[in-house]
There are 2 protein chains.
Amino acid sequence: MRKILVIGAGRSASSLIKYLLDKSDKENLQIIVADKKIQVARNRIKNHKNAKAIALDIFNEVLRKEAIKNATIVISMLPARFHLEVAKDCVAFSKSMVTASYISKEMQELDAEVVKKGLVFMNEVGLDPGIDHMSAMQIIDKIRNNGAKLLLFESFTGGLIAPESDDNLWNYKFTWNPRNVVLAGQGSAAKFIQEGKYKYVPYHKLFRRTEILDLREYGKFEALANRDSLKYRTVYGLEDVLTLYRGTIRKIGFSRAWNVFVQLGMTDDSYVIEDSENMTYRDFTNSFLAYAPYDSVELKMRHYLKIDQDDIVWEKLIELNIFDATKKVALKRATPAQILQKILMDQWTLKAEDKDMIVMMHKFGYEYKGEKHQINSYMQVIGDDQTYTAMAKTVGLPVAIATLKILNGEIKTSGVQLPITKEIYEPILKELEDYGITFKEEKVTYLGYNPENIMD
Amino acid sequence: MRKILVIGAGRSASSLIKYLLDKSDKENLQIIVADKKIQVARNRIKNHKNAKAIALDIFNEVLRKEAIKNATIVISMLPARFHLEVAKDCVAFSKSMVTASYISKEMQELDAEVVKKGLVFMNEVGLDPGIDHMSAMQIIDKIRNNGAKLLLFESFTGGLIAPESDDNLWNYKFTWNPRNVVLAGQGSAAKFIQEGKYKYVPYHKLFRRTEILDLREYGKFEALANRDSLKYRTVYGLEDVLTLYRGTIRKIGFSRAWNVFVQLGMTDDSYVIEDSENMTYRDFTNSFLAYAPYDSVELKMRHYLKIDQDDIVWEKLIELNIFDATKKVALKRATPAQILQKILMDQWTLKAEDKDMIVMMHKFGYEYKGEKHQINSYMQVIGDDQTYTAMAKTVGLPVAIATLKILNGEIKTSGVQLPITKEIYEPILKELEDYGITFKEEKVTYLGYNPENIMD
């Protein structure tokens, strides 16, 4: 039997493990699921005859090495910062490895050794990064192979609430790590290139520089820029492309309302609020507004941020109870971001029956025989339930498929890899279709960065 | 002869050295002026018979130790990060020391040794910190000694252009380090307390949360919050005060216009602009605005930041040529902040005949026998010329006066000190009056943080 070691059995490992278990008889597999908490691992395998759950603290060197030594191939679903220890052991014991994370500098440095041993270290083979790489490169390669020149590439992904579970004014719930949602976009300015012009957007303007995306039958969405779109130039071989933009998808109106928190300073994670434990939600909100003893927190806010009487943004704020004078923050030495997260979790936590949704869209502009064309490609995946979420399916299935194809020698180019070559993306994308992860494609008029077709 | 070693002969050392030279005969002083560039030191002493210029690189341990060993007392006018080496040598050779900088953690840690040797290490005895401490503590002590209870303390300082040299729309020129002006206010949120309520202002709102200050015969100004006002609670013994606010003074209208740069992201120093060397001022401005081929940079800016047709802010931007399509940035791998600094230096560099100005204001609110009162105290100093600037006078004179009083045993409490006790501030403030550094004081109606006296 071939042994697949899956390290980390958290939320995003559910569909991955199910896929492998379902294939285990036919493919002659034993699945060893390792987690710090053995119960988490046990819950994933449900006494499946071809599976084994083990307790594994990644910092326990003896147990870690033993588990890796005994495996045929290793999947690390740990947080990205923990991959390296696993990777070093995989090199030492000559095991191929798969992750859904960005290739770190340290991981890249293992390349020579990985090649020498003839191993495949496949990374960035989840959703984003992962399905985005594969689905984009499939069309980019097709355009280039036809002899056309790529002018524009834009790519957007969003982890959202499914339409059937979308029942609040923000059209948003926490379908992944809430802390990452609160901190999204912080750090250095977002950077991209449009028609050859470099553009920079500071964090405090990011949520007001959104654009509208039309995902046809799935509806219209909005997108805001990711931190650094330019690093994809070398990865995708798009050094000469005039427009390169990567972004995050939200439902329309989310960003304009979220901007209220950004403007107030509520998303700041760099300092602690005085006496946070004893303050109410209203006190918290008031701490970002001027002192004015004869005005309400409400009117101070409307005036400060110029929120009109009939602006739906106001109803969104009310829905979150940020003016509530009885609800306590009840967090010791908390940062604004931590307090905001708590306030949001009161409203945005999934109910048992809620489903999540992943949406992705790419735009490709190109020139062929002197004429400009554009292809849009887009997909939507809805979660089955709160175990087999859209997030778990889209992150885990490509990881699982890649692992089996490496094991079976269908993917064989050795080295520290990401899934941007035809050898890799073609079979994985094809199999993903069996699981409902399908892109639709349409040709549209090329408008470049003049989508409203304005003339001077 | 008593030897005073002055390390660092830069711009802010001019008045300090002149003061000491003028007193040298009467006080039996030799002034040894040390600078990395000996010509800078020589220019300061102009062949004065009681002075000597020496070349001293602070990292040359042998020369540094020798110079300190030969001195009776040492003044360090170096950048704050270099004081510690000097301080350690002063401990080793039992010399008292004076600086105009904030006490660092490392400096504070020398306290026990300094006390043991009976030395005085006087710090924070320049302008801000310095004159602000002394002038505030003089009134705070007076209020307390009368048996009143302090309710409110606010303190503001500004380094500005003198009215007679104020000839641009911004009412501002670089009278001190331009880089510090561009980066002012960045980092964590500003934090203060008003009437017992903690308030937090993020950087991107700082320049829109100004208040108006009335400096009577010197005119009205505006003030924006400094980073952390709360640290003065323990320093001044104001643990129970309801309002504590420290700020920076600008001429009215500066901050609202500066906010344009903040909103665009032009003050960011954390990343490098692509191809900065070859871009024009207009390109730089455009890189923060959306791509829109059929609209001008000008209209995109007005729309993005909602600048009305008749807003004076617009004229301020035009004055700086930020839309100029011919002027080149000509800086390699520059950050937005570095490019903005260059653009500003084209317009805000002092002319030979320009004079600078320092303004300071304190507000003290207190309760005495059940009634509330307020004292405002304020001062203005105009520079003589570009050597004996208001900045050099207000930073250097208190340092020089403190040094002589330590040398003469008038200030004698040993340890790592700052000038907040009567023994120190009383004689220094008195002598500063001879040099035109005088506070005016007036009693006003106590309005606390309700300056417009609004009733509900």
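Residues numbered from 1 in each chain as written. Chains lettered and ligands numbered in written order. Predicted model: local features only at pLDDT ≥ 70, side-chain atom pairs only at ≥ 80, totals over all residues. Heavy atoms only, no water.

1. Thoughts on the overall build of chain A
So the rule is basically this: Helix and strand definitions follow DSSP, with helices as H or I runs of at least four residues and strands as E runs of at least two, each counted in order from the N terminus. Note on method: radius of gyration uses C-alpha positions; expected globular size equals 2.2 Å times residues raised to 0.38. Throughout, exposure labels follow a simple rule: accessible area from a 1.4 Å probe, protein chains only, divided by the maximum for the residue type, with under 20% read as buried, over 50% as exposed, and the rest as partly exposed. Contact criterion: two residues are considered in contact whenever any of their non-hydrogen atoms come within 4.5 Å of each other. Counting rule for charge: Lys and Arg are taken as positive, Asp and Glu as negative, and neither His nor the chain ends is counted. Each charge is placed at NZ for Lys, CZ for Arg, CG for Asp and CD for Glu.
Along chain A, the regular secondary structure elements total 17 helices and 16 strands. Computed over the C-alpha atoms, the radius of gyration of chain A is 24 Å, within 12% of the 23 Å expected from 2.2 N^0.38 for a compact globule of 456 residues. Reported as C-alpha extents along the three principal axes, the dimensions of chain A are approximately 75 × 60 × 40 Å. Sorting the 456 residues of chain A into buried and exposed places 57% on the buried side. Contacts spanning at least 24 positions in sequence make up 71% of the contacts within chain A whose residues lie at least 6 apart. Positive and negative side-chain charges in chain A, numbering 64 and 61 respectively, have mean positions lying 4 Å apart.

2. A closer look at the packing of helix α11 (residues 254–264) of chain B against helix α15 (residues 336–348) of chain B
All names here are of chain B. The following threshold applies: In this analysis, axes come from line fits to C-alpha atoms, helices being fitted only over the stretch in contact, and the angle between any two N-to-C directions falls in the range 0 to 180 degrees. Handedness of a helix crossing follows the sense of rotation of the near helix relative to the far helix, less than a right angle counterclockwise being left-handed and clockwise being right-handed. Residues are grouped as follows: Ala, Val, Leu, Ile, Met, Phe, Trp, Tyr, Cys and Pro are nonpolar; Asp, Glu, Lys and Arg are charged; every other residue, Gly included, is polar.
Two elements in contact, α11 and α15, have axes separated by 12 Å at closest approach and are oriented at 145°. Where α11 crosses over α15, the handedness of that crossing is right-handed. Contact residues: α11 offers F254, W258 and F261, while α15 offers L340, L344 and W348. A breakdown of the residues in the contact of α11 with α15 according to their chemical character gives six nonpolar, no polar and no charged.

3. Thoughts on the relation of the copies chain A and chain B
Selection criterion: We place the copies in one frame by least squares, fitting the C-alpha atoms of every residue whose pLDDT is at least 70 in both.
Rotating chain A by 180° and translating it 0.0 Å along the rotation axis places it on chain B, where the RMSD comes to 0.1 Å. As the rotation angle and translation indicate, the two copies are arranged about a two-fold axis. Judged by C-alpha distance, H204 of chain A is the residue of chain A that lies nearest the rotation axis, at 3.4 Å. When you check the interface residues of chain A against chain B, 100% turn up at the interface there too, and the contact is symmetric in its surfaces.

4. Quick word on the domain arrangement of chain A
All names here are of chain A. Heads up, the condition is: A domain assignment, automatic or from a database, supplies the domain bounds used here. The term buried area refers to how much accessible surface (probe radius 1.4 Å) is lost by two components on association, counted for both of them together. Just to be clear on terms, a salt bridge is a Lys or Arg side-chain nitrogen sitting within 4 Å of an Asp or Glu carboxyl oxygen. Distance and chemistry together define a polar contact, namely a pair of N or O atoms within 3.5 Å, with one atom able to donate a hydrogen and the other to accept it when in protein, and with adjacent residues in sequence counting only for side-chain atoms on both sides.
Under the domain assignment, chain A is made up of domain 1 (2–122) and domain 2 (131–257 + 352–453). Placing the centre of domain 1 and that of domain 2 at their C-alpha centroids yields a distance of 27 Å. Listed per partner, the contact involves 35 residues of domain 1 and 32 residues of domain 2. For the pairing of domain 1 and domain 2, the buried interface totals around 2800 Å² over both sides, and the portion due to carbon and sulfur atoms is 69%. For the pair domain 1 and domain 2, the interface holds one salt bridge. Here domain 1 is connected to domain 2 by 11 residue pairs in polar contact (both at pLDDT 80 or more). Elements with a minimum of two residues in the side of domain 1 that touches domain 2: β1 (2–7), α1 (14–27), β4 (73–76), β5 (96–99), α5 (105–108), α6 (111–116) and β6 (120–122). Here the element with the most residues in the side of domain 1 that touches domain 2 is α1; it accounts for eight residues. By residue class, the composition of the side of domain 1 that touches domain 2 is 20 nonpolar, seven polar and eight charged.

5. Some details on the pairing of strand β9 (residues 197–201) of chain B
Our working definition: Any two strands with at least two DSSP-identified bridges between them are counted as paired.
As defined by bridge partners, strand β8 (residues 190–194) of chain B adjoins β9 of chain B across five bridges and the pair is classed as antiparallel. Across the sheet, residue F192 of chain B finds its bridge partner in β9 of chain B, namely K199 of chain B.

6. Here's the deal with the environment of E106 of chain B
Residue and element names in this part refer to chain B. Residue position: E106 is located in helix α5 (residues 105–108). Taking the relative accessible area as the measure of exposure, E106 reaches 39% and is therefore partly exposed. Here the alpha-carbon distance between E106 and H83, two residues 23 residues apart in the chain, equals 9.8 Å.

7. Overview of the interface of chain A and chain B
In this assembly, 41 residues from chain A lie in contact with 41 residues from chain B. Here chain A packs against chain B, burying approximately 3600 Å² in sum over the two surfaces, 55% of which is carbon and sulfur. With its nearest N and O atoms 3.3 Å apart, the salt bridge here joins K191 of chain B to E274 of chain A. Breaking the side of chain A that touches chain B down by element, the ones donating at least two residues are β8 (190–194), β9 (197–201), α9 (203–206), α11 (254–264) and α13 (297–304) of chain A. Ranked by residues supplied to the side of chain A that touches chain B, first place goes to β9 of chain A with four residues.

8. A word on helix α17 (residues 422–433) of chain A
All names here are of chain A. The criterion, for reference: Expected helix span is computed as 1.5 Å times (number of residues minus one). Picture the helix axis, draw a direction to every C-beta atom, and the arc is the one those directions span.
Over its 12 residues, α17 runs 16 Å from end to end, which matches the ideal 16 Å to within 8%, given 1.5 Å per residue. Those residues of α17 that fall on the buried side of the exposure criterion are I424, Y425, I428, L429, E431 and L432. Buried residues in α17, looked at end-on, bunch into an arc of 165°, giving them a common side. Facing away from the buried surface of α17 by more than 90 degrees, the exposed residues are K422 and K430.

9. Re the packing of helix α7 (residues 131–145) of chain B against helix α17 (residues 422–433) of chain B
Residue and element names in this part refer to chain B. Basically, it comes down to this: Working rule for angles: under 35 degrees goes down as roughly parallel, over 145 as roughly antiparallel, 65 to 115 as roughly perpendicular, anything else as oblique.
The interhelical angle for the contact between α7 and α17, taken along N-to-C directions, is 115°, at an axis separation of 10 Å. Taken together, the axes of α7 and α17 are roughly perpendicular relative to one another. Considering only the axes of α7 and α17, their crossing is left-handed. Between α7 and α17, the contacting residues are I131, M134, S135, M137, Q138 and D141 on the first element and Y425, E426, I428, L429 and L432 on the second. Split by residue class, the contact of α7 with α17 holds seven nonpolar, two polar and two charged.

10. Let's talk about the side chain of D89 of chain A
Residue and element names in this part refer to chain A. Structurally, the position occupied by D89 is in helix α4 (residues 83–92). Within the structure, D89 has its side chain in polar contact with the side chain of K65 (distance 3.0 Å). With residues near it in sequence (within four places) discarded, D89 still touches R64, K65 and I68.

11. A short note on the sheet that holds β6 of chain A
Residue and element names in this part refer to chain A. With parallel pairing, seven strands are arranged side by side in an open sheet as β3-β2-β1-β4-β5-β6-β15. Edge positions in the sheet fall to β3 (51–55) and β15 (415–417), since each of these pairs with one other strand and no more. Neighbour to neighbour, the strand axes of the sheet diverge by 15° on average, direction disregarded. Judged from the five bridges that link them, strand β2 (residues 29–35) and β3 form a sheet pairing that is parallel. Bridged to V33 within β3 is A53. Sheet strands in contact with α4 are β1, β4, β5 and β6, and its direction is about 160° off that of β5. Where helix α16 (residues 390–407) meets the sheet, it contacts β1, β2, β4, β5 and β6, and its direction lies at approximately 165° from that of β4.

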